Amino acid sequence: MKKSDITILVVDDDPDILEILSYNLNAEGYKVITAEDGVQAVKKAKKKKPHLVILDVMMPEMDGIEACEQIRETKGLENTVITFLTARGEDYSQVAGFDAGADDYITKPVKPKVLMSKVKALLRRFKSNVSEKNIYKIGGIVINRDEYKISSDGIEMTLPRKEFELLSLLTSEPNKVFKRDDILNTVWGSEVVVGGRTIDVHIRKLREKLGDDKFKTVKGVGYKFVHE
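**Structural notes on the pattern of salt bridges**
According to the stated counting rule, one finds 13 salt bridges in the structure shown. Lys 209 is paired through a salt bridge with Glu 163; the nearest N and O atoms lie 2.9 Å apart. Here Lys 209, found in helix α8 (residues 198–210), pairs with Glu 163, found in helix α6 (residues 161–172); they are 46 residues apart in sequence, far enough to count as distant. Relative accessible area serves as the criterion here: at 35%, Lys 209 is assigned to the partly exposed category. We classify Glu 163 as buried; its relative accessible area is 3%. Of the charged contacts in the structure, one is a salt bridge between Arg 197 and Asp 200, with a shortest N-O distance of 2.9 Å. By relative accessible area, which is 61% here, Arg 197 ends up exposed. Several salt bridges converge on common partners, so that one network encompasses Lys 3, Glu 28 and Lys 120.

The structure is reproduced here in structure tokens:
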């Protein structure tokens, strides 16, 4: 992911701190949005879906602790990394921050080089979180659940939705035999009537694209994805 594709939300009620942090982050190539209190922070986080939130603790309207809790509870922001930025170094502030769902804690004033180093480390956590949940690799196949795309031995391809869902199901538990009825219910839904050969056709297409040896038919039972 390029820096220009990364959005960072900076939240502080001190306009000087907002200006300094924004300037340095923009100079580094990141996309920066700002908020002056917790209420604005929650609204902008929900709208912009930032990758990283740098959040002051002591603010008017809504403090950073409560804002962090609300951001953490928002669907679509589960992977967003949140770090508190505060002059308060007491243990109880840090504990409260972590209890609210923060990933880290930065004490201000912070030097620009230290901040950039910290930001890079925090963004690595975001990528790790996303890859764990939405992008995974098995054998030579990389599956991106967010974009319905895969790559096989470095060659990227886009699969039709049902082929992708079938592949995603089979690779979720390699070497497990999925029964035909379970496949139909999971991929096509119990209320959708499809022909008895539907699964066979989709498996054949996956074999053509990814290799015949990756899919094994267990007669009278179903299919499995073979992974050694």
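Alright, that's what it looks like, and here's the rest.
**Digging into the sheet that holds strand β7 (residues 141–144)**
With antiparallel pairing, four strands are arranged side by side in an open sheet as β6-β7-β8-β9. Two strands bound the open sheet, and with one partner strand each, they are β6 (135–138) and β9 (155–158). Each strand axis lies, on average, 20 degrees off the axis of its neighbour in the sheet, ignoring direction. As defined by bridge partners, β6 adjoins β7 across four bridges and the pair is classed as antiparallel. Bridging across to β7, Tyr 136 finds its partner in Ile 143.

**Quick look at unusual backbone geometry**
Positive phi is not limited to glycine here, since Asp 153 has a value of about 55 degrees. Within the secondary structure, Asp 153 sits in the loop between β8 (149–152) and β9. Positioned with a positive phi, Asn 175 is a non-glycine residue whose angle comes to about 75 degrees.

**Re the side chain of Ser 151**
With respect to the helices, strands and loops of the structure, Ser 151 is situated in strand β8. The class for Ser 151 is buried, based on a relative accessible area of 16%. Those residues in contact with Ser 151 that lie beyond four places of it in its chain are Gly 140, Ile 141, Val 142 and Glu 156.

**Describing the packing of aromatic side chains**
All told, the structure shown has two aromatic pairs when counted by the stated rule. For the pair Phe 215 and Phe 225, a centre-to-centre distance of 5.6 Å together with 80 degrees between the ring planes defines the contact as edge-to-face. Here Phe 215, found in strand β11 (residues 215–218), pairs with Phe 225, found in strand β12 (residues 222–225); they are 10 residues apart in sequence, far enough to count as distant. Summarising the burial analysis for this pair, Phe 215 and Phe 225 share the class buried. A cation over a ring is seen here: Lys 176 above Phe 178, with NZ or CZ 4.8 Å from the ring centre.

**Some details on the packing of helix α7 (residues 180–188) against α8**
At a minimum axis distance of 10 Å, the contact between α7 and α8 shows a crossing angle of 80 degrees. Considering the angle they form, α7 stands roughly perpendicular to α8. Note on element contacts: α8 touches α7 through Thr 198, Ile 199, Asp 200 and His 202, opposite Arg 180, Ile 183, Leu 184 and Trp 188. When its residues are assigned to classes, the contact of α7 with α8 shows four nonpolar, two polar and two charged.

**Comments concerning a negative patch on the surface**
On the surface, a cluster of negative charge is contributed by Asp 63, Glu 66, Glu 69, Glu 73 and Asp 99. Note on placement: Glu 73 falls in the loop between α3 (64–72) and β4 (81–86). On the accessibility criterion, Glu 73 (67% relative accessible area) is exposed.

What counts as what
- Residues numbered from 1 in each chain as written.
- Predicted model: local features only at pLDDT ≥ 70, side-chain atom pairs only at ≥ 80, totals over all residues.
- Heavy atoms only, no water.
- Salt bridge = Lys/Arg side-chain N within 4 Å of Asp/Glu carboxyl O.
- Helix = DSSP H or I, 4+ residues; strand = E, 2+ residues; numbered from the N terminus.
- Buried < 20%, exposed > 50% of the residue type's maximum accessible area, 1.4 Å probe, protein only.
- Pairing = 2+ DSSP bridges.
- Axes fitted to C-alpha atoms, helices over the stretch in contact; angles between N-to-C directions.
- Contact = heavy atoms within 4.5 Å.
- Phe/Tyr/Trp six-rings, centres within 6.5 Å; stacked < 30°, edge-to-face > 60°.
- Lys NZ or Arg CZ within 6 Å of the ring centre and 35° of its normal.
- Parallel < 35°, antiparallel > 145°, perpendicular 65-115°, else oblique.
- Nonpolar A, V, L, I, M, F, W, Y, C, P; charged D, E, K, R; others polar.
- Patch = residues over 30% accessible without salt bridge, like charges linked within 9 Å, V, L, I, M, F, W, Y side chains within 5 Å.
- Areas by Shrake-Rupley, 256 points an atom, 1.4 Å probe, with all protein chains shown as cover.
- Lys, Arg positive; Asp, Glu negative; His and termini not counted.
- Charge placed at Lys NZ, Arg CZ, Asp CG, Glu CD.

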